[in-house]
Amino acid sequence: MAAASPLPTPAPEPAITLPGKTPLGHPIFTRIRLATPSDVPHLHKLIHQMAVFGNLTHQLSATESSLSSTLFPSTKLQPFHSFTIFILDVSLTLFTDTPYHTNPFYNPTEEVVNLDLAIEDPERETFRVGKSDVFAAGFVLFFPNYPSFLAKPGFYVEDLFVRECYRKKGFGKKLFSAVAMQAVKMGYGRVECGVLDWNANAINFFEGMSAKKLQELRICRLTGEALQAYGGTDSE
Ligand SMILES: CC(C)(COP(=O)(O)OP(=O)(O)OC[C@H]1O[C@@H](n2cnc3c(N)ncnc32)[C@H](O)[C@@H]1OP(=O)(O)O)[C@@H](O)C(=O)NCCC(=O)NCCS
């Protein structure tokens with residue numbers, strides 16, 4: 001029997017490019033995760049930026065220390081049942097810092113976004129997360145309320161903020177959607193957010209997210225000395 005001739009080596013296949021799957025442009029990795037006490041310095045700066053944006057710095061009395069003691073007290077607050085913060089992180093490479101995945105209350109969501117133009121972040125170093133090449137780009141702070149007409153809890157969004165250089169890229173949508181998704185998951189009936197009447201950009205944003213603007217609603221706020229006046233004298 002004639003010896004079998006060796007099988008021909010297959011010619012290398014030409015590389016196939018799949019238009020829909022090729023990362024065109026500038027990929028940026030995004031992650032939404034629960035905030036931890038080590039985020040407080042970033043949160044303080046983000047809240048300050050939020051106050052500057054709203055011309056409200058005269059109302060700002062939060063410090064890193066007061067944020068730390070109220071958001072992360074020694075008796076831990078359970079996320080979603082009290083003040084809760086999602087941080088939006090961005091990175092130019094895959095996230096390799098994994099401690100957030102061990103959080104029993106929320107598994108971080110990661111997504112890659114392909115942008116037409118690279119983002120120049122002038123505050124990279126200020127918002128670097130730990131020693132990694134991960135940067136905090138925004139946050140949302142929310143907590144449960146109770147719309148009695150629905151006889152179901154809801155979430156009130158106190159702050160939603162994306163740093164300026166990261167806006168208009170779908171990141172605000174990701175943060176707000178994460179809150180809405182959590183509300184649905186918990187069987188909650190509503191998610192709402194107060195917006196200053198001149199903030200057309202935010203109003204458009206929320207309407208774009210299918211939220212309804214309530215023309216008839218006004219907020220009546222008791223704070224500062226007016227609130228303290230109710231303290232009276234302690235006769236005990
Ligand atoms: C309001 C705010 C959170 C929105 O965040 P954002 O990241 O800019 O929002 P998004 O990018 O998700 O969506 C905004 C727009 O960008 C568009 N967009 C989304 N992805 C995009 C992309 N890759 N390229 C270009 N545009 C994009 C969206 O379609 C949307 O446009 P539309 O409103 O015309 O539909 C942000 O502007 C902000 O932090 N503002 C200051 C604070 C504030 O006003 N907070 C709200 C009240 S608490």
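Cut-offs applied
- Residues numbered from 1 in each chain as written.
- Predicted model: local features only at pLDDT ≥ 70, side-chain atom pairs only at ≥ 80, totals over all residues.
- Helix = DSSP H or I, 4+ residues; strand = E, 2+ residues; numbered from the N terminus.
- Buried ≥ 20, exposed ≤ 12 C-beta atoms within 10 Å, placed from the backbone.
- Contact = placed C-beta atoms within 7 Å.
- Near = placed C-beta within 6 Å.
- Nonpolar A, V, L, I, M, F, W, Y, C, P; charged D, E, K, R; others polar.
- Core = buried A, V, L, I, M, F, W, Y, C linked by C-beta atoms within 7 Å.
- Pairing = 2+ DSSP bridges.
- Axes fitted to C-alpha atoms, helices over the stretch in contact; angles between N-to-C directions.
- Parallel < 35°, antiparallel > 145°, perpendicular 65-115°, else oblique.
- Left-handed = near helix turned anticlockwise from the far one by under 90°.
- pLDDT = per-residue confidence, 0-100.

- If you check an unreviewed UniProt entry, the chain appears there as Putative transcription regulator GNAT family from Lupinus albus.

1. Thoughts on the overall build of the chain
And step 1. Per the secondary structure count, the chain includes five helices and six strands.
And step 2. Taken across its 236 residues, the chain has 21% of its residues classed as buried.
And step 3. Sequence separation of at least 24 residues holds for 74% of the intrachain contacts in the chain that already meet a minimum separation of 6.

2. Quick notes on the site of the ligand
And step 1. In the region of the ligand, 21 residues are neighbours, and Arg-167, Gly-170, Gly-172, Lys-173 and Ala-202 sit closest.
And step 2. Elements that contribute at least two residues to the shell around the ligand include exactly helix H1 (40-53), strand E5 (154-162), helix H3 (171-185) and helix H4 (200-208).
And step 3. The element contributing the most residues to the shell around the ligand is H4, with five residues.
And step 4. Of the residues that constitute the shell around the ligand, the class distribution is ten nonpolar, six polar and five charged.

3. As for the nonpolar core
And step 1. Within the largest apolar cluster, 34 residues are counted, with the highest numbers of intra-cluster contacts made by Leu-88, Ala-137, Phe-139, Val-140, Leu-175 and Val-179.
And step 2. Elements supplying a minimum of two residues to this core: strand E1 (26-34), H1, strand E2 (84-91), strand E4 (134-145), E5 and H3.
And step 3. Top element by residues in this core is E4. It accounts for eight residues.
And step 4. Here Val-140 is in contact with Phe-86, Val-157, Asp-159, Leu-160, Leu-175, Phe-176 and Val-179, once residues within four sequence places are set aside.

4. Quick look at the sheet that holds E5
And step 1. The strand order across the open sheet built from six strands is E3-E1-E2-E4-E5-E6, with neighbouring strands paired in mixed fashion. A single partner strand is all that each edge strand has here, and the edge strands are strand E3 (109-115) and strand E6 (191-193). The mean inter-strand angle of the sheet, taken between neighbouring strand axes irrespective of direction, is 25°.
And step 2. Pairing between E5 and E6: three bridges, direction parallel.

5. Things to note about the environment of Ala-202
And step 1. Secondary-structure assignment places Ala-202 in helix H4.
And step 2. Placed 42 residues apart in sequence, Ala-202 and Leu-160 show a C-alpha to C-alpha distance of 9.4 Å.

6. A look at unusual backbone geometry
And step 1. Positive phi, close to 55°, is recorded for Asn-55, a residue that is not glycine.
And step 2. You can call Asn-55 exposed: it has 10 C-beta atoms within 10 Å.
And step 3. For Lys-168, which is not a glycine, the phi torsion comes out positive at approximately 65°.
And step 4. Structurally, Lys-168 is set in the loop between E5 and H3.

7. Things to note about the pairing of E4
And step 1. Where burial is concerned, most of E4 is hidden: nine out of the twelve residues are buried.
And step 2. Relative to E4, E2 is paired through eight bridges, and the arrangement is antiparallel. Paired with Asp-89 across the bridge in E4 is Ala-136.
And step 3. Looking at chain direction, E4 and E5 are connected through eight bridges and run antiparallel. Bridged to Phe-139 within E5 is Phe-161.

8. Structural notes on the packing of H1 against helix H2 (residues 64-71)
And step 1. Where H1 meets H2, the axes come as close as 9 Å, and the angle between the chain directions of the two elements is 115°. Classified by the angle between their axes, H1 and H2 sit roughly perpendicular to one another. Crossing angle aside, the handedness with which H1 passes H2 is right-handed. On H2, the residues touching Val-40, Pro-41, Leu-43 and His-44 of H1 are Glu-64, Leu-67 and Ser-68.
And step 2. Partitioning the contact of H1 with H2 into residue classes produces four nonpolar, two polar and one charged.

9. A look at the confidence of the model for the chain
And step 1. In this model, the chain carries a mean pLDDT of 90, and residues with pLDDT of at least 70 account for 88%.
And step 2. When the criterion is pLDDT under 50, residues 1-22 qualifies, and its contacts beyond four places in sequence or with other chains add up to one contact.

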